[in-house]
Amino acid sequence: MKPGLFLLYGLLLCGFLTLNLLINGYVQNCLPTQKKRPALLLGLAFVNIVTLGVFLWLDLAIFFIYVIFTVLLAADYFFLLRTGFPSLLLLACGYGPFLLLCAHGVLIPLFALVRGTTMYDVVNDNLSYDVSLLLALLVCILLLCLIGKWMPYERIHLLFRCTDQRRLVCTCLYLLFGYLLLESYVYADRFSGIWIPWFHLITSVISMAAFLMVFWYAVDVSSYIEYELKTRQTEKQLQRQVVHYQQYTKYVNDLRAFKHDYRHMVQTARALLRAGADQKALDLLGQMDDEMESSLRYTRYANHVVVDAILQECAGRCREKGIDFSALVNLPERIGLGDLELCRIFGNLVDNAYEACEKCEAQNRFIKLDSVVSPDWITVQIRNTFSGKIELQDGLPLTDKQDPSQHGVGLSSTRQLIESTGGFMQIEIDPAGIFTVKLHFCAATG
Amino acid sequence: MLHIVLCDDDPAIISRYKELLAQLAEKHRMEYKLSCFGNAEQLLFALDDIQFGVDILYLDVQMDRLNGIEAAKKLRSSGCRAQIIFLTNAREYVFESFDVSPLQYLLKGDTSIEKFEEVFLRAASLSRQESAELFDCERGAERMAIPIREITYFEVTKRIVTVHYDGGTFDFYSSMSELEGRLLPRGFVRTHRAFLVNLARIRRLGQEDILLTSGETVPLGRTHIKNVKEVLSRFLSTGGGL
């Protein structure tokens with residue numbers, strides 16, 4: 001073999017390594033709340049490239065090279081990331097190889113057209129094949145960088161969180177990928193019509209464009225879904241506030257009415273006492289006491305106005321359903337989270353607890369919140385009864401909500417919020433039917 | 001010995017809880033000394049004399065002249081580290097009471113004997129930890145006894161252990177397994193192959209490291225994250241009890 005080919009071979013491997021690392025970077029940055037193991041991934045990338053190198057040396061059909069590359073990536077991510085979502089894994093490992101195949105599918109016919117030969121000749125000549133692959137790698141790397149620039153990680157993040165959209169993109173990707181692979185058998189055809197390279201070129205371009213369009217569109221839709229969820233949450237919060245204000249207005253009105261009655265009653269009591277009807281006066285006073293207890297009861301659940309409003313509203317719903325609700329939450333100012341964030345966290349948790357209790361058929365259903373405060377930590381514990389089975393995945397329960405696109409918005413966003421400020425969240429499941437979420441907030445310093 | 005103080009303006013309540021405490025102490029074989037006060041002013045006066053050397057303080061909230069929460073604030077600001085438990089009929093003061101970080105706010109009417117016992121035991125265990133428990137170590141002829149609450153973390157390299165505490169560092173010969181045997185039951189957690197950290201000194205948890213109250217960071221090993229979270233969570237949700 002000529003030294004030039006050796007050099008080309010080396011460059012090819014370098015290209016594949018760069019591509020692999022680039023995809024790794026994508027996966028690490030985009031997967032939500034996954035453990036990151038950069039060193040291991042780097043090591044595995046080398047293993048991939050060596051394996052791939054052996055297969056390249058064997059001069060296998062293009063079809064094999066791409067399938068092997070995809071399978072190698074899939075194996076890496078499967079063992080390292082353990083996402084549990086097949087579509088996530090498939091998307092992560094198919095994305096890079098597919099774009100590479102598209103680029104390659106454009107370059108081979110171009111070579112054939114420029115040199116005026118058939119694609120069979122291009123593919124079966126070692127030099128032109130390697131050069132085309134190298135160029136394809138370069139184009140693919142460039143393309144990935146460009147996509148990364150136009151579409152920041154945060155946006156792709158959204159796609160990874162939204163199951164429906166992810167499935168759509170994944171299906172589209174593998175349909176096109178499969179089709180292109182099948183199409184690549186055209187290289188084995190010696191038939192020398194000029195339309196064949198053109199046809200293959202256009203197919204590749206269209207496949208790539210179609211995928212990118214679907215991808216773009218899906219990311220957009222995911223962000224709309226996220227946006228809508230947030231709006232829905234805000235709306236729910238507003239409703240809660242309204243209920244809270246209504247309760248409060250009622251309380252104020254009751255108080256006014258009581259004050260009005262009170263003056264009257266005191267006069268009566270005085271008159272009764274003056275007339276020597278002590279027992280009657282005592283009865284009257286007892287009655288006043290009862291009334292004050294029954295109608296003028298206002299229990300505060302938290303020393304934070306917004307959180308208190310959320311808890312008040314939930315307490316009201318629980319009362320209607322006969323769920324025992326008790327809460328005493330101390331949130332000092334140094335909790336370091338804004339009203340909106342606290343709103344999101346507590347709204348979510350209280351809703352989850354209420355839904356679980358509602359479904360539960362046990363006799364003594366309850367929701368109980370309490371807190372422990374130390375100088376550095378603020379711990380809030382929410383316990384509620386549940387029935388049925390809860391499976392934990394990655395420390396979070398799998399949702400049983402009808403709409404799976406909402407999965408991961410509740411507890412996982414709570415976890416992200418808390419972890420972003422240095423705290424953490426623990427979930428405990430008591431087989432006796434008690435579900436506990438412990439939030440450990442980090443107190444802000446200074 | 002535990003020093004317990006009861007303060008309530010109702011003599012009937014005092015005698016009731018006196019009896020209850022006597023039963024609990026006998027049940028759990030604890031030695032204790034009890035002082036009772038009929039109002040908060042007497043309490044402040046008396047505690048000033050004994051330099052606030054009280055372990056557990058049961059305080060009524062609604063009392064004439066000085067209420068329980070005000071009294072507790074005064075005690076705290078003069079350096080009283082006792083475990084305060086409010087015993088009251090009035091629910092409405094509960095949020096105000098948070099300022100003095102009481103161990104518990106118990107409603108007289110709603111508190112079962114079991115609940116009272118649980119809180120009492122927690123207070124007792126916390127005040128035992130609070131009392132200067134010492135960690136002994138030696139290097140040659142040099143001996144050290146460091147109060148456990150001053151220790152931030154231990155770092156082990158080969159057979160040499162470095163203990164980091166508020167006053168500095170000290171090296172001695174030991175091993176991780178030996179340290180773990182001595183310290184895991186006393187509020188420490190392994191965060192890394194070579195690090196053992198005082199739970200009470202953890203300020204925040206990062207992805208790969210832990211910030212301590214001393215401002216130092218120690219590494220958080222991947223294999224230890226789950227356990228650290230579990231142990232720390234238990235520690236925090238019981239208010240520092242184990």
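What counts, and at which threshold
- Residues numbered from 1 in each chain as written.
- Chains lettered and ligands numbered in written order.
- Predicted model: local features only at pLDDT ≥ 70, side-chain atom pairs only at ≥ 80, totals over all residues.
- Helix = DSSP H or I, 4+ residues; strand = E, 2+ residues; numbered from the N terminus.
- Buried ≥ 20, exposed ≤ 12 C-beta atoms within 10 Å, placed from the backbone.
- Pairing = 2+ DSSP bridges.
- Expected span 1.5 Å × (residues − 1).
- Contact = placed C-beta atoms within 7 Å.
- Axes fitted to C-alpha atoms, helices over the stretch in contact; angles between N-to-C directions.
- pLDDT = per-residue confidence, 0-100.
- Nonpolar A, V, L, I, M, F, W, Y, C, P; charged D, E, K, R; others polar.
- Core = buried A, V, L, I, M, F, W, Y, C linked by C-beta atoms within 7 Å.
- Parallel < 35°, antiparallel > 145°, perpendicular 65-115°, else oblique.

Colleague: Help me out: how do you make sense of the overall build of chain A in this one?
Modeller: Along the backbone of chain A there are 13 helices and 7 strands. In chain A, buried positions account for 36% of the 446 residues.

Colleague: Explain the overall build of chain B to me, please; I cannot follow it from the model alone.
Modeller: Along chain B, the regular secondary structure elements total 7 helices and 15 strands. Sorting the 242 residues of chain B into buried and exposed places 31% on the buried side.

Colleague: Explain the pairing of strand β6 (residues 424-430) of chain A to me, please; I cannot follow it from the model alone.
Modeller: Look at any regular strand and the pattern is simple: side chains alternate between the two faces of the sheet. Residues and elements named next belong to chain A. Relative to strand β7 (residues 434-442), β6 runs antiparallel, the two being bridged by 7 bridges. From the neighbouring strand, Gln426 faces β7, where its bridge partner is Lys438. Connecting β6 to the next strand, β7, in antiparallel fashion are 3 residues, including Gly433 with a positive phi near 100°.

Colleague: I would appreciate a short explanation of helix α11 (residues 305-321) of chain A in the present structure.
Modeller: Each α-helix winds once per 3.6 residues, and so residues spaced three or four apart point in a common direction. All names here are of chain A. Along its 17 residues, α11 runs 25 Å from first to last C-alpha, staying within 8% of the 24 Å computed at 1.5 Å per residue. Taken as a whole, α11 has its buried residues at Val306, Val307, Asp308, Ala309, Ile310, Leu311, Gln312, Glu313, Cys314 and Cys318. The inward-facing, buried residues of α11 contact α9 (195-274), β1 (324-328), α12 (339-359) and β2 (366-373). Of the residues flanking the end of α11, it is Gly322, one or two places downstream, whose phi is positive at about 70°.

Colleague: Help me out: how do you make sense of the sheet that holds strand β11 (residues 188-192) of chain B in this one?
Modeller: Pairing between sheet strands relies on hydrogen bonds along the backbone, with the strands arranged either parallel or antiparallel. Residues and elements named next belong to chain B. Pairing is antiparallel across the open sheet formed by 5 strands, whose spatial order is β10-β9-β8-β12-β11. One side of each edge strand has no neighbouring strand; the edge strands of this open sheet are β10 (168-173) and β11. Between one strand and the next, the sheet's axes are offset by a mean angle of 20°, whatever the strand orientation. Where strand β8 (residues 151-157) lies against strand β9 (residues 160-165), 6 bridges are found, and the strand directions are antiparallel. Note that in β9 the partner of Tyr153 across the bridge is His164. Against the sheet, helix α6 (residues 176-183) engages β8, β9, β11 and β12 (195-198), with an angle of about 20° to β12.

Colleague: Which parts of the structure should I look at to understand the pairing of strand β13 (residues 202-205) of chain B?
Modeller: Residues and elements named next belong to chain B. Pairing between β13 and strand β14 (residues 209-212): 3 bridges, direction antiparallel. Among the inter-strand pairings, Leu205 is bridged to a residue of β14, identified as Ile210. Hairpin geometry of β13 and β14 is characterised by an intervening segment of 3 residues between the two adjacent antiparallel strands.

Colleague: Just checking my understanding: could you explain the confidence of the model for chain B for this structure?
Modeller: All names here are of chain B. Looking at chain B, the pLDDT average stands at 85 and 96% of residues meet or exceed 70. Highest mean pLDDT in chain B belongs to β12 (94); lowest belongs to helix α5 (residues 113-130) (81). This prediction of the complex comes with two scores: 0.67 for pTM and 0.80 for ipTM.

Colleague: What am I meant to see in the interface of chain A and chain B here?
Modeller: Interfaces are often sized by the amount of accessible area the parts lose when they come together. On the side of chain B, 17 residues touch chain A, which itself brings 19 residues to the contact. When contributions to the side of chain A that touches chain B are tallied by element, the ones reaching two or more residues are β2, β3 (377-385), β6 and β7 of chain A. Of the residues contributing to the side of chain A that touches chain B, the split by class is 6 nonpolar, 9 polar and 4 charged.

Colleague: It is not clear to me how the environment of Lys230 of chain A should be interpreted in this structure. Could you clarify?
Modeller: Residue and element names in this part refer to chain A. For Lys230, the location among the structural elements is in helix α9. Here Lys230 falls in the partly exposed class, since 13 other C-beta atoms lie within 10 Å of it. In the structure, Lys230 is positioned 114 residues away from Arg344 in sequence and 9.1 Å away in space, judged by C-alpha atoms.

Colleague: Any chance you could explain the nonpolar core here in plain terms?
Modeller: In summary, soluble globular proteins display a tendency toward joint burial of nonpolar side chains. Among the nonpolar cores identified, the biggest contains 64 residues, and Phe98, Leu99 and Leu173 of chain A are the most heavily contacted of them. Broken down by element, the residue count for this core peaks at 18 residues, all from helix α4 (residues 86-115) of chain A. Counting 63 residues, the second-largest nonpolar core is a separate cluster that includes Ala309, Val329 and Val437 of chain A together with Phe188 of chain B.

Colleague: Is there a simple way to explain the environment of Pro11 of chain B in this structure?
Modeller: With respect to the helices and strands, the residue Pro11 of chain B is situated in helix α1 (residues 11-27). A sequence separation of 25 residues divides Pro11 of chain B from Cys36 of chain B, and the C-alpha atoms of the two residues are 9.6 Å apart.

Colleague: What is the right way to read the packing of helix α8 (residues 163-183) of chain A against α9 of chain A from this model?
Modeller: Relative orientation and spacing of two packed helices are given, respectively, by the angle between their axes and the distance between those axes. Residues and elements named next belong to chain A. Running from N to C, α8 and α9 cross one another at 175°; their axes reach a closest spacing of 9 Å. By the criterion of interaxial angle, the relationship of α8 to α9 is roughly antiparallel. Residues Gln165, Leu168, Val169, Cys172, Leu173, Leu176, Tyr179, Leu180 and Glu183 of α8 touch α9, and the partners they reach there are His200, Thr203, Ser204, Ser207, Ala210, Phe211, Val214, Phe215, Ala218, Val221 and Ser222. Residue classes in the contact of α8 with α9 are distributed as 13 nonpolar, 6 polar and 1 charged.

Colleague: In this structure, what is going on with unusual backbone geometry? I would like to understand it.
Modeller: Residues other than glycine predominantly adopt negative phi, and peptide bonds predominantly adopt the trans conformation. Residues and elements named next belong to chain B. Phi at Arg29 is positive, roughly 50°, even though this residue is not glycine. Along the chain, Arg29 turns up in the loop between α1 and β2 (32-37). For Arg29, a count of 6 C-beta atoms within 10 Å gives the class exposed. Phi at Lys158 is positive, roughly 50°, even though this residue is not glycine. Secondary-structure assignment places Lys158 in the loop between β8 and β9.

Colleague: Just to check I follow, could you spell out the sheet that holds strand β15 (residues 217-219) of chain B for this structure?
Modeller: All names here are of chain B. Taking strand neighbours across the sheet as the criterion, the 3 strands line up as β13-β14-β15 in an open arrangement whose pairing is antiparallel. At either end of the open sheet lies a strand with only one pairing partner, and these are β13 and β15. Adjacent strand axes in the sheet meet at a mean angle of 30° when their direction is disregarded.

Colleague: Is there a simple way to think about the environment of Val350 of chain A in this case?
Modeller: All names here are of chain A. One can find Val350 in helix α12. Since 25 C-beta atoms lie within 10 Å of it, Val350 is described here as buried. Measuring from C-alpha to C-alpha, the distance between Val350 and Ile367 comes to 8.5 Å, with 17 residues separating the pair along the chain. If near-sequence neighbours (up to four positions away) are discounted, Val350 is found in contact with Ile310, Leu311 and Cys314.

Colleague: Explanation requested: the confidence of the model for chain A in the structure shown.
Modeller: Parts of the model with low pLDDT should not have their predicted coordinates read in detail. Of all residues in chain A, 92% have pLDDT values of 70 or greater, and the mean over the chain is 83. Confidence scores differ between elements of chain A, with strand β4 (residues 392-393) of chain A showing the lowest mean pLDDT of 66 and β3 of chain A the highest of 92.

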